[in-house]
2 protein chains.
Amino acid sequence: MTVPNIDQVCVNTIRVLSADTVQKANSGHPGAPMGMAPAAYALWMRAMRHNPADPQWINRDRFVLSAGHASALEYVLLHLFGYGLTMDDLKQFRQWGSLTPGHPEYRHTVGVEVTTGPLGQGIANAVGFAIAEARLADQFNRPGFPVVDHMTYALCGDGCMMEGIASEAASLAGTLALGKLVVLYDDNEISIEGDTDIAFREDVGARFEAYGWQVLRVEDGNDAGQIGRALEDAKREAARPTLIIAPTLIGFGSPKQGKASAHGEPLGGESVAATKAALGMPAGDFEVLPEALAHFDAFRAKAEREQREWKELFARYAIAHPELAKEWAVWFDEAPPVDLALQSDLWAFEGKAATRNSSGEVLNRLTKYVPNLIGGSADLAPSNKSAMKGAGDFSAENRGGANLHFGVREHAMSAIANGIAVHGGLRAYAATFFVFSDYMKNGMRMSALMKAPVTYVLTHDSIGVGEDGPTHQPIEHLDGLRAMPDLLVFRPADSREVTAGWVTALTRGLPTCLVLTRQDLPLYERSGPDALRGGYILSDSKAKTPQALLMASGSEVEQMVRAQALLWEKGVDARVISMPCMELFAAQDAEYRERVMPGAVRARVAMEAATACTWHQYVGLDGAVIGIGHYGASAPAAKLFEEFGLTAERAANETLRVLGKR
Amino acid sequence: MTVPNIDQVCVNTIRVLSADTVQKANSGHPGAPMGMAPAAYALWMRAMRHNPADPQWINRDRFVLSAGHASALEYVLLHLFGYGLTMDDLKQFRQWGSLTPGHPEYRHTVGVEVTTGPLGQGIANAVGFAIAEARLADQFNRPGFPVVDHMTYALCGDGCMMEGIASEAASLAGTLALGKLVVLYDDNEISIEGDTDIAFREDVGARFEAYGWQVLRVEDGNDAGQIGRALEDAKREAARPTLIIAPTLIGFGSPKQGKASAHGEPLGGESVAATKAALGMPAGDFEVLPEALAHFDAFRAKAEREQREWKELFARYAIAHPELAKEWAVWFDEAPPVDLALQSDLWAFEGKAATRNSSGEVLNRLTKYVPNLIGGSADLAPSNKSAMKGAGDFSAENRGGANLHFGVREHAMSAIANGIAVHGGLRAYAATFFVFSDYMKNGMRMSALMKAPVTYVLTHDSIGVGEDGPTHQPIEHLDGLRAMPDLLVFRPADSREVTAGWVTALTRGLPTCLVLTRQDLPLYERSGPDALRGGYILSDSKAKTPQALLMASGSEVEQMVRAQALLWEKGVDARVISMPCMELFAAQDAEYRERVMPGAVRARVAMEAATACTWHQYVGLDGAVIGIGHYGASAPAAKLFEEFGLTAERAANETLRVLGKR
């Protein structure tokens, strides 16, 4: 019997610790960690430059576990490599309050770069990391000073490969020639419903070659050495992203090896024991051989040395290029360099404008204050007004550009923006038609879950779209996105409210949707920084206490201002509340909210060119909500507002009805 | 000068009529119709078997304009081929009430097979058509009687090709060897932001070959003859779907030919005139040459003859196989063959059960009554309980199976289900975890827009998911989907309400979401067919008029029933309303709604393990809504309900507070 080498011992340590972790929780996915252990080990021990002592090291290689259900693998790695996750943390896997939740969570567990679990998105996050690296390298590197120079690695399974978002992201990565991106594909031929053959017979390698990737096929994915050599080949290829296809066995070493039953449930005590015996590992729960511990310890010394070298490089860089070092500090600061709300030029507008146009204007004015904006549209930039003039296009040939062309790929766009946002150093935005936020809904949810401050520029926000018709007219989207926790939905009523929306997006540390019109809107005298509070009195009643409250967001504010005048003629003294952002209004103190919306005033009417369900919380059973309970239609916008009854006259009549005056 | 042949005259007729149509509306997309005219003509005039006199002919070839923004093309075809769309209809393009809206709308314009516009989905719809054809052919065809035998064609552009959903659908189509599916790719190298090169450098043909498709490359996509020959080759290939790549020029014949500016706005009067001159067409608006008219007329005679032959075939079939002809009538009837609500075995349950399990049970009982169910899951069938036992798997090798394996491809799944549902002859369902409804949100929206009665089986419906954590726990999804018009969201509280959900799904002619638990729920004495009304009294107050209303859906009904008992002990006589489906409740008459929810009772408390925004419409300003305003966590389910305060005790306390009793 040959003595297994230390690498094999370490790989098997990862396997059995993963199995123990899932078994202890009596919940989770043992199969993928056991199959991917050699790849993970080759990556973390050899290929990847990272320092467990400083998980925030800006120039670290990035790791994305796109197959997030294999979380036990990542936790075991974080434990063994010394990121501070303890054996007790592993024993608390999937329990209330633990550092080891069911799927890896960014901001929750030190060393986790991005939240994963919804399949395919990790590949797009990784593309975002690679874009960020390329852009920042172009911005900051100088001859002899490669201060930004890191790889991005993603580990994914068959599920990720089947998801459309992976195709979108991979096609764009090929187009952009992201040579520092490497995806490891755990090709275990098993999915939950059985052999992948039942739904997935494509040639994945040929597909990625069609995208312009380098594709490396490892003979045996259970051999860390082979994967290590492929990783070295991947690093040498600068002009193309690399896909490494590693055929593996799900649940490697266990009696359930190669079976779907190894995927999503604990192996069972007997199987765990059999696995340890088969792999020649000690039988105890959570027992790690001393030689394995020593080997992981030795890695940390090497890692510290590598980061020290980078720090020395950066120190010399700061002397040689002090202005760049200063700029670096600005770019890597989460707060903008000035108080944006105080910059008067951002608020200066005249006359009516479509809020999409105002947004384009504000975006371009912002570039003066916020140098690290990067973003673009899913092929709708001329309509979304989302291009930064003079900032250049980011492309395979030009890493200095700040305008991204995502192509018609909304879902990947959102997840790429998430990757850029959590990478650090850049502020990402993503634009499309509001209705197509549907295509990226889970990407937006991941922004919110991670508190990744991506700005979503969502134009053509209602039936105001007009002729394109119901497929292009959002109806239910405001309500749907307002329901999403930790996402700010900001729908401005005029140009100055657009500024408030952008300031919110860049300063609140949360993903923010700017929901913008295609059509012109007026400019209100009273609009401005008050809009930063989410809701405010745009046009007050003559008396201190109004008889009725008229509430709206965006384009419907105009109707409410007109309704106020109509009501005054009928002897009703109403107040108009503009509510661009319900989440911000809800976050104001009770006194402010009572001042704007006095509890005693029960005659309340809200209008929104949408389903408007969310307004019931402010209107109650005695008021009226004027919305649209059906899909739109293809016709000029003004005609639709009239036909669907979104008019000042109707608002006035509803108010009179609520007051018992008709 | 050579005299142009009649085919070229017809192609140019389509081009200039499309340009006129867009110009008259002063809105729309002229470029794609002009570029795709040769492909469309070759398809409609030569390859496709269709009869304008009977657009409902079951065995017609199906046509999907996946690039829905090219709607003018489809309307011009429908006009010229004689589907009843008049020249006046073309002149009303994109106007209020017209038959020619901005994007093609199913059920609105005769001859439109499916609503398109949101890119990529048409390819998946076409995959659905092809699956339906294969399944029905297996079911009904007999030697000498190919009563189901039609092709499915889709026309798509670069945008469709970039969308992830197209990749998902194409990969599955290759796996399933859908030989009667043909996709024509209008490869014009132009996107809205400019050359496709900026975002899309992949080799599309190689990618489709990797999926297992036959790929045919036409040299000149502006030549209808070349496309026609490729279509014949495509028809001859039975074992693989075919992609025809046709290099074209956007806005062919116009001064803006080959430019992004030809895409999404009218050419302008001068350019239209120049186009007509360049193409040798008459200068008049909406003028069609008599020889072109005569040529389209001649097509109709041929088409009538073809359908007559099929009708004769079917008449002989009905004599040779009377039992199959009878079955055919059942399958192609939109109503189920029996009144499902009256089948007592569907309502027979005992004891507690997870509603996902009850759903699996009901689904399997339903197969006895509803023979044409077809569906499956995005690789979660064992968790979704969505398999029909003994019904076989639909695959490349077995067209008789009714269980579909969609792979991890939610978006394509929804759009494929839409294609199956609007094809006729089958009832489609699609299953995944509720949280991943996000991935297919726009596909679900298209179900609703089209009133395509797809059943969405959405399990693991709340924090009840437990250990998988926040990425897998829906929070905002109930509110988001309830906001969607014409979609029924049904969240049962017990097994009999599950039956009500399935009966609703199969009888209301609308897409329906069944939102189901992972965890066990009790069985209530009073549950049953009343649930078909959406909301009903599950446990009444002792007095005729209750002091308080306790409302909930799904798993939270259990807490409300317990809260009712707690309140009785405190001297409060409350009523519990189970509300599995708000849309159905809203559709009841006012008298019923008042009976269940008396307007005078203002002490109202609702509970839902979700954001619960939609409950404010029933609760008002004076009641209380107990929901979850943040994301979930990874822990056992019972722990989460307790930590997040979704308990009977809290509901009772809130009720007392609302009543001013504490």
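Residues numbered from 1 in each chain as written. Chains lettered and ligands numbered in written order. Predicted model: local features only at pLDDT ≥ 70, side-chain atom pairs only at ≥ 80, totals over all residues. Heavy atoms only, no water.

(A) Just the overall build of chain A, in detail. Tallying secondary structure elements over chain A gives 25 helices and 20 strands in all. Relative to the compact-globule value of 26 Å for 662 residues, chain A shows a C-alpha radius of gyration of 28 Å, a close match. When its C-alpha atoms are laid out on the principal axes, chain A stretches across 100 × 60 × 45 Å. Counting all 662 residues of chain A, 68% fall into the buried class. (Helix = DSSP H or I, 4+ residues; strand = E, 2+ residues; numbered from the N terminus. Rg over C-alpha atoms; globule rule 2.2 N^0.38 Å. Buried < 20%, exposed > 50% of the residue type's maximum accessible area, 1.4 Å probe, protein only.)

(B) Focus on the sheet that holds strand E11 (residues 427-433) of chain A. Residues and elements named next belong to chain A. Taken together, the 6 strands give an open sheet; going across it, the order is E10-E9-E11-E12-E14-E13, and neighbouring strands pair in parallel fashion. Edge positions in the sheet fall to strand E10 (403-405) and strand E13 (488-490), since each of these pairs with one other strand and no more. The average undirected angle you get between the axes of adjacent strands in this sheet is 20°. Bridging between strand E9 (residues 373-377) and E11 involves 5 bridges; their strand directions are parallel. Counted as the bridge partner of Gly376 is Ala430 from E11. Packing of helix H16 (residues 410-423) onto the sheet brings it into contact with E9, E10, E11 and strand E12 (455-459), and relative to E11 it is tilted by some 165°. Its contacts with the sheet put helix H19 (residues 495-507) on E9, E11, E12, E13 and strand E14 (512-516), and the angle it makes with E14 is roughly 165°. (Pairing = 2+ DSSP bridges. Axes fitted to C-alpha atoms, helices over the stretch in contact; angles between N-to-C directions. Contact = heavy atoms within 4.5 Å.)

(C) Structural view of the relation of the copies chain B and chain A. Of the two same-sequence chains, chain B is brought onto chain A (RMSD 0.0 Å, axial shift 0.0 Å) by a rotation of 180°. Here the copies are linked by what is in effect a two-fold axis. Here 100% of the contact residues of chain B are again contact residues in chain A; the copies associate through an equivalent surface. (Least-squares fit on C-alpha atoms with pLDDT ≥ 70 in both.)

(D) Spotlight on the pairing of strand E14 (residues 512-516) of chain B. Residue and element names in this part refer to chain B. Among the 5 residues that make up E14, 5 are buried, leaving the element largely enclosed by the rest of the structure. The two faces of E14 match: Thr512, Leu514 and Leu516 on one face and Cys513 and Val515 on the other face are all buried. Bridge count between strand E12 (residues 455-459) and E14: 5 bridges; the pairing is parallel. Its bridge partner lying in E14, Thr459 is registered against Leu516. Summarising the sheet, strand E13 (residues 488-490) and E14 pair through 3 bridges and their orientation is parallel. Within the sheet, the bridge partner assigned to Phe490 lies in E14 and is Leu514.

(E) How the structure looks around the packing of helix H2 (residues 31-47) of chain B against helix H3 (residues 71-81) of chain B. Residues and elements named next belong to chain B. Their axes nearest at 10 Å, the elements H2 and H3 cross at an angle of 40°. On the basis of the axis angle, H2 is oblique to H3. Considering only the axes of H2 and H3, their crossing is right-handed. Only Ala72, Leu73, Leu77, Leu78 and Phe81 of H3 make contact with H2, whose side of the interface consists of Pro33, Met36, Ala37, Ala40, Trp44 and Met45. Classifying every residue of the contact of H2 with H3 gives 11 nonpolar, no polar and no charged. (Parallel < 35°, antiparallel > 145°, perpendicular 65-115°, else oblique. Left-handed = near helix turned anticlockwise from the far one by under 90°. Nonpolar A, V, L, I, M, F, W, Y, C, P; charged D, E, K, R; others polar.)

(F) Just helix H25 (residues 648-658) of chain B, in detail. All names here are of chain B. If you check which residues of H25 are buried, you get Ala648, Ala651, Ala652, Glu654, Thr655 and Leu656. Residues of H25 that are buried in the fold lie against strand E17 (548-552), helix H20 (556-569), strand E19 (604-607) and strand E20 (624-626). Taken from the residues just after H25, Gly660 is the one with a positive phi, measuring 75°.

(G) Just the nonpolar core, in detail. Ile131(A), Leu243(A), Trp502(A), Ile131(B), Leu243(B) and Trp502(B) are the most contacted members of the largest nonpolar core, which totals 333 residues. Sequence-distant contacts of Leu243(B), defined by excluding residues within four places in its chain, comprise Met161(B), Val183(B), Tyr185(B), Val204(B), Phe208(B), Trp213(B), Gln214(B), Val215(B) and Leu216(B). If you look at the next biggest cluster of nonpolar residues, it comprises 60 residues, including Ala47(A), Val76(A), Leu85(A) and Ala246(A). (Core = buried A, V, L, I, M, F, W, Y, C linked by side-chain atoms within 4.5 Å.)

(H) Spotlight on the confidence of the model for chain A. The predicted model of chain A averages 97 in pLDDT, with 100% of residues at 70 or higher. Interface scoring of the predicted complex returns ipTM 0.98; its pTM is 0.98. (pLDDT = per-residue confidence, 0-100.)

(I) Quick look at the environment of Met444(A). Residue and element names in this part refer to chain A. Residue placement: Met444 occurs in helix H17 (residues 441-450). Remark: the alpha-carbon pair of Met444 and Thr512, spanning 68 residues in sequence, is separated by 9.4 Å. With near-sequence residues (within four places) excluded, Met444 lies in contact with Ser414, Ser437, Tyr456, Leu458, Leu481, Met484 and Cys513.

(J) Broad picture of empty space enclosed by the protein. One pass over the structure, following the stated rule, counts 11 cavities of 30 Å³ or more. Around the largest cavity, the lining is made up of 13 residues, and of these Ile165(A), His411(A), Glu168(B), His411(B) and Tyr439(B) lie nearest the centre. For the lining of the largest cavity, the elements supplying multiple residues, two or more each, are helix H7 (164-175) of chain A together with helix H7 (164-175) and helix H16 (410-423) of chain B. Of the residues belonging to the lining of the largest cavity, the class tally is 4 nonpolar, 4 polar and 5 charged. Considered as a void within the structure, the second largest cavity measures approximately 70 Å³ in volume. (1 Å grid on protein atoms, 1.4 Å probe; cavity = no way out; pocket = protein on both sides within 12 Å on 5 of 7 lines; lining within 4 Å. Points joined across faces, edges and corners; volume = space filled by probe spheres on them.)

(K) Spotlight on the packing of aromatic side chains. Residue and element names in this part refer to chain A. The tally for this structure, following the rule as stated, stands at 50 aromatic pairs over all chains. Pairing Tyr75 with Phe93 gives two aromatic rings, centres 6.0 Å apart and planes at 70°, and the pair type is edge-to-face. One end of the pair, Tyr75, is in helix H3 (residues 71-81); the other, Phe93, is in the loop between helix H4 (87-91) and helix H5 (121-140), and 18 residues separate them in sequence. Among the residues examined, Tyr75 registers a relative accessible area of 0% and is labelled buried. When the centroid spacing of 6.4 Å and the interplanar angle of 25° are considered together, the rings of Phe433 and Phe436 count as stacked. Here the two residues Phe433 and Phe436 agree in accessibility, since each one is buried. The rings of Trp57, Phe140, Phe145, Trp310, Phe314, Tyr317, Trp328, Trp331 and Phe332 are connected pair by pair, giving a single aromatic cluster. Directly above the ring of Phe349 sits Arg365, whose terminal nitrogen or CZ lies 4.4 Å from the centroid. In this structure, Lys542 packs its charged tip against the face of Trp568, placed 4.9 Å from the ring centre. (Phe/Tyr/Trp six-rings, centres within 6.5 Å; stacked < 30°, edge-to-face > 60°. Lys NZ or Arg CZ within 6 Å of the ring centre and 35° of its normal.)

(L) Broad picture of the pattern of salt bridges. Applying the stated criterion to the full structure yields 62 salt bridges over all chains. Ionic pairing is found between Arg491(A) and Asp461(A), a salt bridge with its closest N-O pair at 2.8 Å. On the criterion of sequence distance, the pair formed by Arg491(A) in the loop between E13 and H19 and Asp461(A) in the loop between E12 and helix H18 (477-482) is long-range, its members being 30 residues apart. Among the residues examined, Arg491(A) registers a relative accessible area of 0% and is labelled buried. The buried category is assigned to Asp461(A), whose relative accessible area is 3%. Residues Lys639(B) and Glu643(B) are paired through a salt bridge, measuring 3.0 Å at the closest nitrogen-oxygen approach. Residue Lys639(B) and its partner Glu643(B) are both found in helix H24 (residues 637-643); the two are separated by 4 residues, about one turn of the helix. (Salt bridge = Lys/Arg side-chain N within 4 Å of Asp/Glu carboxyl O.)

(M) The sheet that holds strand E18 (residues 574-578) of chain B, seen in detail. Residues and elements named next belong to chain B. Strand order in the open sheet formed by 5 strands is E16-E18-E17-E19-E20, with mixed pairing between adjacent strands. In the strand order of this sheet, the two ends are held by strand E16 (536-539) and E20, each with one partner. Across this sheet, the average inter-strand angle for adjacent strands is 30°, counted without regard to direction. Looking at chain direction, E17 and E18 are connected through 5 bridges and run parallel. Within the sheet, the bridge partner assigned to Leu550 lies in E18 and is Val576.

(N) Structural view of the pairing of strand E18 (residues 574-578) of chain A. Residue and element names in this part refer to chain A. Counting buried positions over the 5 residues of E18 gives 5, a clear majority of the element. Here E18 shows no split at all, with Ala574, Val576 and Ser578 on one side and Arg575 and Ile577 on the other all buried. In this sheet, E18 lies alongside strand E16 (residues 536-539) in antiparallel orientation, the contact comprising 3 bridges. The residue of E18 that forms the bridge with Ser539 is Val576. In this fold, strand E17 (residues 548-552) hands off to helix H20 (residues 557-569), which returns the chain to E18; that crossover is right-handed. (Right-handed = clockwise from strand over helix to strand, strands pointing away.)

(O) Structural context of the interface of chain B and chain A. On the chain A side, the residues contacting the 102 residues of chain B number 102 residues. Buried area between chain B and chain A, both sides added, is near 8300 Å², and the carbon and sulfur share of it is 57%. Here chain B and chain A share 10 salt bridges between them. As a salt-bridge pair, Arg201(B) and Glu397(A) come within 3.0 Å of each other at their nearest N and O atoms. Inspection of the region where chain B meets chain A yields 56 residue pairs in polar contact (both at pLDDT 80 or more). Of the residues assigned to the side of chain B that touches chain A, the class counts are 42 nonpolar, 33 polar and 27 charged. (Buried area = accessible area lost by both parts, 1.4 Å probe. Polar contact = N/O pair within 3.5 Å; in protein donor to acceptor, adjacent residues only side chain to side chain.)

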